[in-house]
Amino acid sequence: MKFPLYFDHNATTPCEPDVVEAMLPWFTERFGNASSVHYPLGWLAEEAVETAREQLAVLIGASPKEIIFTSGATEAINLAIRGVLEALETRGGHIVTLATEHKAVLDTCKALERRGISTTYLPVGKDGLVDLGALENAIRETTALIAVMLANNETGVLQPVDEIAQIAQQRGIIMLSDAVQAVGKMPLSVQKLGIDLMPLSAHKMYGPKGVGALYISSRLSKSKLVTQVTGGGHEKALRSGTLNVPGIVGFGKAAEIALDRMSDEGHRLAALRDALEDGILSLGGAQLNGNKERRLPHVSNISFEGVEGKAFLIAINKELAISSGSACSSITTRPSHVLTAMGLESQLARSTLRFGLGRSNTAAQVDFAIQYVKDTVEKLRKERWE
Ligand SMILES: *Cc1c(COP(=O)(O)O)cnc(C)c1O
């Protein structure tokens, strides 16, 4: 086993070797600009981009026309939220979202509040799920957008996005769902979900960093979304800028591989996760966070009583690459906003491990992790009483 063992696949994933191989020619001999379509170097690049668009469309049940490429999910989320609110005919506007969304959603809403837009941040229950009645009650005359993530990046909890999208559709509200953690990990169809906008990220699904996409339903009229990056008019004038051809090719390949392996890998990781939870929870004074049934197969969020958060993480990180929450929040010493929204005391939220299992993890690694976590917790608890 190579240490530290990587258990943070929700923060990022390694590029699959086949993905890297697919990308390589597009850096060197096939370096053409995908917009320079009057000679082969350019049109080959353009064809490669269109192949990737198809590969992604197949993965999420969309049409290739409904996908535009961006620099990542954060940019796609910014385009979606800012683009919808900016397109409103009258000033103002209201957004309904959850307290447990990713910072890319929360901080974009906050930024818009400085420009007269209001946001309702709905609470969640202890299990991390939103109450549909509360969501309906939050809708106003001026509500333009509902943003509810499919799978939470810290707990893996799956929101009832299909039901929320139905409510949105009945009220004529645009529905955005951040599906970054779910795409490529579970069967998913934008048609079945009934959503209008969905950001994607390559590096969360064994593709390269710095590439993402926004699914834009063909139902959504073009006048409902204003571009946030102007320039040469790339990507239907919704996102200008020379396309990252190698990255996009890698993203497409990653989508193809994800679809191919999804079922086997999902079952394998769910079994590893169950073993991990059985092992760790036998320790006592440890609790699983989030709804146990409605969640991704490879995520487990566990809090430990009687250990101090920072010391715990430092000790754990000697052998395990893992974090207590999202990659963005763990740099700060603040407790996870997701866990506090689920009612956890900040002390307990700080002494939490988010396991993000992935392709590289084996049963032997999980066995090691169980023992290492147990030993570390017991040692720290003992030290506290001495
Ligand atoms: C990682 C992540 C993002 C941001 O994606 P980037 O491509 O890194 O910008 C957004 N939402 C969720 C749920 C994520 O996990």
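Parameters at a glance
Residues numbered from 1 in each chain as written. Predicted model: local features only at pLDDT ≥ 70, side-chain atom pairs only at ≥ 80, totals over all residues. Heavy atoms only, no water. Axes fitted to C-alpha atoms, helices over the stretch in contact; angles between N-to-C directions. Helix = DSSP H or I, 4+ residues; strand = E, 2+ residues; numbered from the N terminus. Parallel < 35°, antiparallel > 145°, perpendicular 65-115°, else oblique. Left-handed = near helix turned anticlockwise from the far one by under 90°. Contact = heavy atoms within 4.5 Å. Nonpolar A, V, L, I, M, F, W, Y, C, P; charged D, E, K, R; others polar. Patch = residues over 30% accessible without salt bridge, like charges linked within 9 Å, V, L, I, M, F, W, Y side chains within 5 Å. Areas by Shrake-Rupley, 256 points an atom, 1.4 Å probe, with all protein chains shown as cover. Salt bridge = Lys/Arg side-chain N within 4 Å of Asp/Glu carboxyl O. Domains from an automatic or database assignment. Buried area = accessible area lost by both parts, 1.4 Å probe. Near = heavy atom within 4 Å. Polar contact = N/O pair within 3.5 Å; in protein donor to acceptor, adjacent residues only side chain to side chain. Expected span 1.5 Å × (residues − 1). Buried < 20%, exposed > 50% of the residue type's maximum accessible area, 1.4 Å probe, protein only.

One way to put it is that helix α8 (residues 245-281) packs onto helix α13 (residues 363-385) with a least axis distance of 9 Å and a crossing angle of 20°. Taken together, the axis directions place α8 and α13 in an arrangement best described as roughly parallel. When you trace α8 past α13, the crossing you get is right-handed. Facing α8, whose interface residues are Leu 272, Ala 275, Leu 276, Gly 279 and Ile 280, α13 presents Ala 363, Val 366, Ala 369, Ile 370, Val 373 and Lys 374. Considered class by class, the residues forming the contact of α8 with α13 number 9 nonpolar, 1 polar and 1 charged.

Here the focus is a nonpolar patch on the surface. Taken together, Val 20, Leu 24 and Phe 27 make up a surface patch of nonpolar side chains, about 270 Å² in accessible area. Tracing the sequence through the fold places Phe 27 in the loop between α1 (17-23) and α2 (40-60).

A few words now on the domain arrangement of the chain. Domain boundaries in the chain define domain 1 (5-12 + 261-385) and domain 2 (17-256). Here the C-alpha centroids of domain 1 and domain 2 sit 28 Å apart. With 28 residues of domain 1 in contact, the opposing surface of domain 2 contributes 33 residues. For the pairing of domain 1 and domain 2, the buried interface totals around 2,600 Å² over both sides, and the portion due to carbon and sulfur atoms is 55%. Together, Met 262, Arg 294 and Leu 296 form the three largest contributors to the area buried by domain 1 at its contact with domain 2, with a combined 24%. Applying the counting criterion to the domain 1 and domain 2 interface returns 0 salt bridges. Listed by contribution, the elements that provide at least two residues to the side of domain 1 that touches domain 2 are β10 (299-304), α10 (327-330) and α11 (337-341).

Near the ligand lie 13 residues; those nearest to it are Thr 74, Asp 178, Gln 181, Ser 201 and Lys 204. Within the backbone of Ala 73, a nitrogen or oxygen atom sits 2.8 Å from an oxygen atom of the ligand. At 2.8 Å, a side-chain N or O of His 203 approaches an oxygen atom of the ligand. Out of a free accessible area of 380 Å², the ligand has 88% covered by protein chains. Top element by residues in the shell around the ligand is helix α3 (residues 73-86). It accounts for 3 residues. Among the residues making up the shell around the ligand, the classes are represented as 4 nonpolar, 7 polar and 2 charged.

In this section: α3. The first and last C-alpha atoms of α3 sit 19 Å apart over 14 residues, in line with the 20 Å expected at 1.5 Å per residue. Among the 14 residues that make up α3, 12 are buried, leaving the element largely enclosed by the rest of the structure. The complete set of buried residues in α3 reads Ala 73, Glu 75, Ala 76, Ile 77, Asn 78, Leu 79, Ala 80, Ile 81, Arg 82, Gly 83, Val 84 and Leu 85.

The subject of this paragraph is α2. The terminal C-alpha atoms of α2 lie 30 Å apart, and with 21 residues this matches the ideal 30 Å at 1.5 Å per residue to within 8%. Taken residue by residue, α2 has Gly 42, Ala 45, Ala 48, Val 49, Ala 52, Arg 53, Gln 55, Leu 56, Ala 57, Leu 59 and Ile 60 as its buried positions. Against β2 (67-70), α7 (190-193), β7 (197-201), β8 (212-216) and α8 lie the buried residues of α2. A positive phi of about 70° marks Gly 61, the residue just after α2.

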